[in-house]
Amino acid sequence: MKKLMKKKMSFFGKEFSVFAFAVVVMMAVASAALVPYLSNVVSEQFDVDSPLLLEISATDGGWVSTAESPIELGDIYGGDTATFWMQVTNLATVDVDPVDLSIVLGSDYGDNDDEATCDDFTNVKITPYRKLSGEAFIQQDIMEDTLANLGCTIVDGKITLLLDSKYYAGEIEKYEIELTAELAIAPSTYTVTAQEMVQS
């Protein structure tokens, strides 16, 4: 062992003793072990929220988040039309696509044995308005048909309409939705809720 420590090594054309090299290596290992104790640790915390803000209103204004409460369509009769508004704001700096926008009509039939069907409303008219950053609202193509033809389904006893959408960065899109009740509709109170689901 003594002979090994007295031996010389050559690095980059210079000679060093094995002992000096061993001492340098031990100091490097010891100082590396101390680094976590000598350096400070910093951290940052941030929240990630939904990129889309979905609001609903009985009129074109007075928006509320659907998480707060559903809106009631009010008193209408068979053959009458109920109108409500929905608004989606893309808060992100990127486009959000594709998005399923789900509109749900819940009914309280009281003592009636009937359940909600896609035939409760004979016609639905959806008028979308798009506002890109810094622009005014511009009306888009109107969708008007029966609920069944627009893809209505019954989920958990509620009328559900699913719309595929794309929202550009900073965009606000609002929808005027007009539902015409079937003449022989069972008396009931309908409430409207909405939800968006970003597809992955």
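Participant: Let's hear about the pairing of strand β6 (residues 81-90): which residues, and what values?
Facilitator: Taking burial as the measure, the 10 residues of β6 include 8 buried ones, the bulk of the element. The sheet contact formed by strand β3 (residues 52-57) and β6 spans 6 bridges and is antiparallel. The residue bridging Glu55 from the neighbouring strand is Gln87, located in β6. Sheet topology note: the β6/strand β13 (residues 172-181) ladder contains 9 bridges and is antiparallel. The partner of Trp85 across the bridge, within β13, is Glu176.

Participant: Please give an account of the pattern of salt bridges that cites residues and values.
Facilitator: Counting across every chain of the model gives 3 salt bridges. Of the charged contacts, one joins Arg130 and Glu173 as a salt bridge, the two residues approaching to 3.0 Å between their closest N and O atoms. Within this pair, whereas Arg130 is found in strand β8 (residues 121-131), its partner Glu173 is found in strand β13, the two being separated by 43 residues in sequence. The class for Arg130 is partly exposed, based on a relative accessible area of 21%. Given the relative accessible area of 6%, Glu173 is considered buried. Residues joined in a network through salt bridges with shared partners are Arg130, Glu171 and Glu173.

Participant: Before we move on, could you go through unusual backbone geometry and cite the residues and values that matter?
Facilitator: Apart from glycine, the bulk of residues carry a negative phi angle, and the bulk of peptide bonds sit in the trans form. Asp97 connects to Pro98 through a cis peptide bond whose omega is -10°. Within the fold, Pro98 resides in strand β7 (residues 96-108). Located in the positive-phi region is Asp156, a residue other than glycine, with phi close to 55°. The exposed category is assigned to Asp156, whose relative accessible area is 76%.

Participant: Mind laying out the nonpolar core, listing which residues take part and the relevant values?
Facilitator: By size, the foremost hydrophobic cluster in this structure holds 33 residues, and its most contacted members are Phe84, Met86, Phe121, Leu147, Ile177 and Leu179. When contributions to this core are tallied by element, the ones reaching two or more residues are β3, β6, β7, β8, β12 (158-167), β13 and β14 (189-198). With 5 residues, the top contributor of residues to this core is β7. Setting aside anything within four residues of it in sequence, one finds Phe121 in contact with Leu105, Leu147, Ile159, Leu179, Thr180, Ala181, Glu182, Ile185 and Tyr190.

Participant: Run through the confidence of the model for the protein, naming residues and quoting values.
Facilitator: Chain-level statistics for the protein give a pLDDT mean of 81 and a share of 81% at 70 or above. Averaged pLDDT values for the elements of the protein fall to 58 in helix α1 (residues 2-6) and rise to 96 in strand β9 (residues 138-139).

Participant: Could you give me a rundown of the packing of aromatic side chains, with the residues and numbers involved?
Facilitator: Summed over the entire model, instances satisfying the criterion amount to 2 aromatic pairs. Judged by centre distance (6.1 Å) and plane angle (25°), the rings of Trp85 and Tyr129 are stacked. Taken together, the residues span a long stretch of sequence, with Trp85 in strand β6 and Tyr129 in strand β8 at a distance of 44 residues. With relative accessibility at 10%, the residue Trp85 sits in the buried group. Ring plane angle 75° and centroid distance 5.1 Å describe the contact between Phe121 and Tyr190, whose orientation is recorded as edge-to-face. Of the two residues, Phe121 is situated in strand β8 and Tyr190 in strand β14; the sequence distance between them amounts to 69 residues. Of the two residues, Phe121 and Tyr190, neither departs from the other in class, the shared state being buried.

The rules behind each value
Residues numbered from 1 in each chain as written. Predicted model: local features only at pLDDT ≥ 70, side-chain atom pairs only at ≥ 80, totals over all residues. Heavy atoms only, no water. Buried < 20%, exposed > 50% of the residue type's maximum accessible area, 1.4 Å probe, protein only. Helix = DSSP H or I, 4+ residues; strand = E, 2+ residues; numbered from the N terminus. Pairing = 2+ DSSP bridges. Salt bridge = Lys/Arg side-chain N within 4 Å of Asp/Glu carboxyl O. Core = buried A, V, L, I, M, F, W, Y, C linked by side-chain atoms within 4.5 Å. Contact = heavy atoms within 4.5 Å. pLDDT = per-residue confidence, 0-100. Phe/Tyr/Trp six-rings, centres within 6.5 Å; stacked < 30°, edge-to-face > 60°.

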